[in-house]
Amino acid sequence: MAGAFTELGDGVELGLRSAPANYQDRHGTWLLTFRIGLKAAQAFAAAEPELFDLYLRGGEEELKADAFEPGGRHRHNLLREWAPSLALTRAWSQEPRGTAAEKEGERLRGIVSTAFLYLREAGEGRRAGRIERGLNGG
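Residues numbered from 1 in each chain as written. Predicted model: local features only at pLDDT ≥ 70, side-chain atom pairs only at ≥ 80, totals over all residues. Heavy atoms only, no water.

Chemist: I keep staring at the overall build of the protein chain and nothing clicks. Help me out?
Modeler: From N to C terminus, the protein chain includes six helices and four strands. For the protein chain, the succession of helices and strands along the chain, N to C, is α-β-β-β-β-α-α-α-α-α. Within the protein chain, the fraction of its 138 residues that count as buried is 19%. Sequence-distant contacts, at least 24 apart, represent 30% of the contacts inside the protein chain between residues at least 6 apart. (Helix = DSSP H or I, 4+ residues; strand = E, 2+ residues; numbered from the N terminus. Buried < 20%, exposed > 50% of the residue type's maximum accessible area, 1.4 Å probe, protein only. Contact = heavy atoms within 4.5 Å.)

What follows is the structure, given as structure tokens:
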């Protein structure tokens, strides 16, 4: 069991035994320092983004539902207080915005390229040329 947690996805070494404060209790549960726990959470979020986001959303929805129950009003405050940390942890499971925007730009460029090829095939070469020049910045 310990071997399963020493490495997470893509060879991310967690170093569970690197600090004496990290230990496995008699029930087999690992108790970690903050640094190692943070590293493990970030690695897990990157490796399993959908599962990680599902877990966060489930917790938020549960708090929202409980907030409207009698005596649960304080959960509204918890949601407000935890919003920044939830946003930060969500960011661990997402691609950097530049990378995602770049991929989207490439996808759209492919769609437009296909469109002007269809225009040429339909005998609209002049219009296709205008679109192609616009796409290439000319």
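After presenting the structure, the write-up continues.
Chemist: Please explain the packing of helix α3 (residues 49–67) against helix α4 (residues 74–92) as it appears in this structure.
Modeler: A packed helix pair is summarised by two numbers, namely the angle formed by the two axes and the spacing between the axes. Packing of α3 against α4 brings their axes to within 11 Å, and their N-to-C directions diverge by 170 degrees. Compared by their axis directions, α3 and α4 come out roughly antiparallel. On α4, the residues touching Phe-52, Asp-53, Leu-56, Arg-57, Glu-60, Leu-63, Lys-64, Asp-66 and Ala-67 of α3 are Arg-75, His-76, Leu-78, Leu-79, Trp-82, Leu-86, Thr-89, Arg-90 and Trp-92. Partitioning the contact of α3 with α4 into residue classes produces nine nonpolar, two polar and seven charged. (Axes fitted to C-alpha atoms, helices over the stretch in contact; angles between N-to-C directions. Parallel < 35°, antiparallel > 145°, perpendicular 65-115°, else oblique. Nonpolar A, V, L, I, M, F, W, Y, C, P; charged D, E, K, R; others polar.)

Chemist: What should I look at first to understand the packing of aromatic side chains in this one?
Modeler: Between two aromatic rings, the relevant description is the distance of the centres plus the angle of the planes. Scanning all chains against the criterion turns up two aromatic pairs. A centroid spacing of 6.4 Å and a plane angle of 65 degrees characterise the contact between Phe-44 and Phe-52, whose relative ring orientation is edge-to-face. Classification of Phe-44 by relative accessible area gives partly exposed; the value is 30%. Accessibility expressed as a relative area gives 10% for Phe-52, which makes it buried. (Phe/Tyr/Trp six-rings, centres within 6.5 Å; stacked < 30°, edge-to-face > 60°.)

Chemist: Looking at this model, I keep getting lost on a nonpolar patch on the surface. Mind explaining?
Modeler: On the surface, a nonpolar cluster with roughly 280 Å² of combined accessible area is contributed by Phe-44, Leu-51 and Leu-54. Its place among the elements puts Leu-51 in helix α3. (Patch = residues over 30% accessible without salt bridge, like charges linked within 9 Å, V, L, I, M, F, W, Y side chains within 5 Å. Areas by Shrake-Rupley, 256 points an atom, 1.4 Å probe, with all protein chains shown as cover. Salt bridge = Lys/Arg side-chain N within 4 Å of Asp/Glu carboxyl O.)

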